[in-house]
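Observations on chain architecture
Residues per chain are reported as follows:
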Amino acid sequence: MIGVLNRLRGQVRLRVECAFPERVLNLCGARDLAFWDLEWESDTAFTCRMSRRDYAALQRAAERLECRLTVVGREGVPFLLGRLRHRQALLVGLVGGGLVLFLGSFFIWDFEIEGNEAVPEEQILRALEDCGVTIGTFGMSLDGESIRNHVLLEIPELSWIAVNVSGCQANVQVRERVEPPELVDEETPANVVARRAGLVLEVRDWNGMAAVLPGTAVTEGQLLISGVEDLETLGARVLAGTGSVQARTWYSLTTTIPLQMETKRYTGREKTVLSLVLGKQRIKFSSNSSISGEKYDKITQRTPWSLLGVPLPVTVVTETYRFYETETVTLDAAQAKALGEEILTEQLEAQVAPYGTVTSTLCTSRQRGDALEVTLAAECVEEIAQRVPIYTEEPDASPQTQE
């Protein structure tokens with residue numbers, strides 16, 4: 001901060017030559033003249049920095065001393081403005097640029113969205129644009145309540161949104177709606193059946209009568225918990241059967257991996273296309289940026305500009321095209337098996353994850369012509385209970401007329 005203040009006031013770097021240089025230092029101490037960055041060049045000369053005002057006072061006080069003061073450099077805003085006083089066009093440009101930055105700070109040039117996970121940022125920005133909040137919008141004219149009502153109606157997945165403008169940036173904070181848990185229907189008559197075949201490990205009948213015991217092998221669709229309770233002397237009553245049944249289950253998944261596959265081989269040739277985005281307008285610096293008839297990967301990098309921490313409505317977009325050719329690669333049995341096991345493991349996790357966990361797996365393979373058949377056998381522990389409604393016949397309540 002002291003260095004910035006000295007440059008705002010203006011400072012000079014001077015060289016002092018004197019037979020007794022300590023007299024100059026004593027004079028500065030007696031007159032309370034501040035100096036810093038002292039460097040000795042010899043026994044009779046040194047350099048230092050002083051403020052513009054203190055240098056003028058030292059120059060007047062040192063007239064009685066046999067010394068020579070030489071200004072090595074002038075630094076700071078006063079000297080810069082002094083050099084620019086004859087360059088009126090440049091001075092007008094600087095003032096105009098500062099005025100544009102000052103006025104531009106009241107408009108929105110950048111968005112930062114926080115709190116979203118399931119709702120994409122593009123959908124939120126599109127909803128804000130529909131209610132008039134976009135790049136170039138005057139930040140002080142925003143109506144938070146109107147924005148909130150419009151966006152929440154357009155995006156029902158959100159439960160709360162707030163737009164806070166800080167300088168040129170709009171900080172959009174959202175909160176996604178948490179869906180309430182599904183309520184268990186305790187009135188509709190239902191049975192609990194097996195979702196898939198397995199070996200029962202544990203049965204918990206919360207409502208209804210357990211129809212199987214632990215250690216029983218069941219098939220898909222078999223009754224596990226009955227919603228019909230026998231009351232012996234009074235007949236039977238129909239319940240909304242609920243419960244949990246843990247079982248050991250087995251899976252067998254198979255996929256075919258070709259031993260010859262098409263892969264990418266990069267040629268080493270790249271093409272870079274630069275463009276400048278000003279607000280919503282895009283300016284391309286390449287006259288012919290289209291590529292046809294070649295295979296490539298496109299890598300896009302966006303670099304927003306800022307000045308003294310203030311974001312500007314300017315973004316440099318760099319698009320890099322990496323060209324490649326396809327070639328046929330022959331896989332050995334081990335590589336094909338590893339690839340097939342990876343694919344089948346992901347598929348198995350997707351099927352089992354909502355209900356339980358995988359306890360053990362075994363992967364085998366068999367070559368069939370130019371392909372390898374990979375089989376993954378797995379043992380799991382999962383929930384197999386599934387509720388199905390009991391359809392009962394309701395008596396015909398319409399009156400019958402007799403003739």
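Values in this document were obtained by computation on a predicted structure and should not be read as measured data.

Remarks on the overall build of the protein
Looking only at helices and strands, one finds eight helices and 22 strands in the protein. Relative to the globule expectation of 22 Å for 403 residues, the C-alpha radius of gyration of the protein, 40 Å, shows a markedly less compact shape. Dimensions of the protein, computed from the C-alpha atoms along their principal axes, are close to 135 × 70 × 50 Å. Counting all 403 residues of the protein, 30% fall into the buried class. Sequence separation of 24 or more characterises 67% of the internal contacts of the protein that already satisfy a separation of 6 or more. Accessible surface computed for the protein: about 26700 Å², of which carbon and sulfur atoms make up 52%. Of the side-chain charges in the protein, 40 are positive and 56 negative, and the distance between the mean point of each set is 20 Å.

As for a nonpolar patch on the surface
On the surface, a cluster of nonpolar side chains totalling about 440 Å² of accessible area is made up of V4, L5, L8, V77 and L81. The set of elements that each furnish at least two residues to the nonpolar patch consists of α1 (2-9) and α4 (77-84). Looking at the nonpolar patch, the element that brings in the most residues is α1, giving three residues. When you line up the elements, L8 lands in helix α1. A relative accessible area of 52% places L8 in the exposed class.

Description of the nonpolar core
Counting 17 residues, the largest nonpolar core has F111, I124, L128, V151, I155 and V172 as the members making the most contacts within it. Elements represented by at least two residues in this core include exactly β5 (110-114), α6 (121-130), α7 (144-154), β6 (158-166) and β7 (169-176). Among residues more than four places away in sequence, those in contact with F111 are L125, L128, V133, T134, I135, A170 and V172. Grouped together as the second largest cluster of nonpolar side chains are 16 residues, L27, C28, M50 and F79 included.

Concerning the pattern of salt bridges
Using the criterion set out here, one finds 18 salt bridges in the structure. Put simply, R196 and E382 hold a salt bridge, and the shortest N to O gap is 3.9 Å. With R196 in the loop between β8 (190-194) and β9 (198-207) and E382 in strand β21 (residues 371-383), this residue pair connects regions lying 186 residues apart in the sequence. We classify R196 as partly exposed; its relative accessible area is 22%. A salt bridge links K264 to D297, with the nearest nitrogen and oxygen atoms 3.1 Å apart. Note that K264 is positioned in strand β16 (residues 260-278) and D297 in strand β18 (residues 296-307), a separation of 33 residues in sequence. Residue classification places K264 among the partly exposed residues on the basis of a relative accessible area of 46%. Connected through shared salt-bridge partners, R15, E17, E41 and R68 make up one network.

What about the sheet that holds strand β22 (residues 385-389)?
Taken together, four strands build an open sheet; the order of strands is β10-β12-β8-β22 and the sheet is antiparallel. Two strands in the sheet have a free side with no partner beyond their single neighbour: β10 (209-210) and β22.

Focus: the packing of α6 against α7
Viewed as axis vectors pointing N to C, α6 and α7 meet at an angle of 130°, and their least axial separation amounts to 9 Å. Overall, the two elements α6 and α7 adopt an arrangement that is oblique. Judged by the sense of rotation from one axis to the other, the crossing of α6 with α7 is right-handed. From α6, A127, L128 and D130 reach across to α7, where they touch I147, H150, V151 and E154. Considering only residue class, the contact of α6 with α7 consists of four nonpolar, one polar and two charged.

Points about the sheet that holds β5
Neighbouring strands of a sheet are bound in pairs by backbone hydrogen bonds; such pairs are parallel or else antiparallel. Here three strands make up an open sheet; going across it, the order is β5-β7-β6 and the pairing mixed. Of all the strands in the sheet, just β5 and β6 have a single pairing partner and so form its edges. Pairs of neighbouring strands in the sheet enclose a mean axial angle of 20°, with direction left out of account. In terms of strand pairing, β6 meets β7 through eight bridges, oriented antiparallel. Each residue of the ladder has a partner; that of N164, found in β7, is N171.

Conventions we followed
- Residues numbered from 1 in each chain as written.
- Predicted model: local features only at pLDDT ≥ 70, side-chain atom pairs only at ≥ 80, totals over all residues.
- Heavy atoms only, no water.
- Helix = DSSP H or I, 4+ residues; strand = E, 2+ residues; numbered from the N terminus.
- Rg over C-alpha atoms; globule rule 2.2 N^0.38 Å.
- Buried < 20%, exposed > 50% of the residue type's maximum accessible area, 1.4 Å probe, protein only.
- Contact = heavy atoms within 4.5 Å.
- Areas by Shrake-Rupley, 256 points an atom, 1.4 Å probe, with all protein chains shown as cover.
- Lys, Arg positive; Asp, Glu negative; His and termini not counted.
- Charge placed at Lys NZ, Arg CZ, Asp CG, Glu CD.
- Patch = residues over 30% accessible without salt bridge, like charges linked within 9 Å, V, L, I, M, F, W, Y side chains within 5 Å.
- Salt bridge = Lys/Arg side-chain N within 4 Å of Asp/Glu carboxyl O.
- Core = buried A, V, L, I, M, F, W, Y, C linked by side-chain atoms within 4.5 Å.
- Pairing = 2+ DSSP bridges.
- Axes fitted to C-alpha atoms, helices over the stretch in contact; angles between N-to-C directions.
- Parallel < 35°, antiparallel > 145°, perpendicular 65-115°, else oblique.
- Left-handed = near helix turned anticlockwise from the far one by under 90°.
- Nonpolar A, V, L, I, M, F, W, Y, C, P; charged D, E, K, R; others polar.

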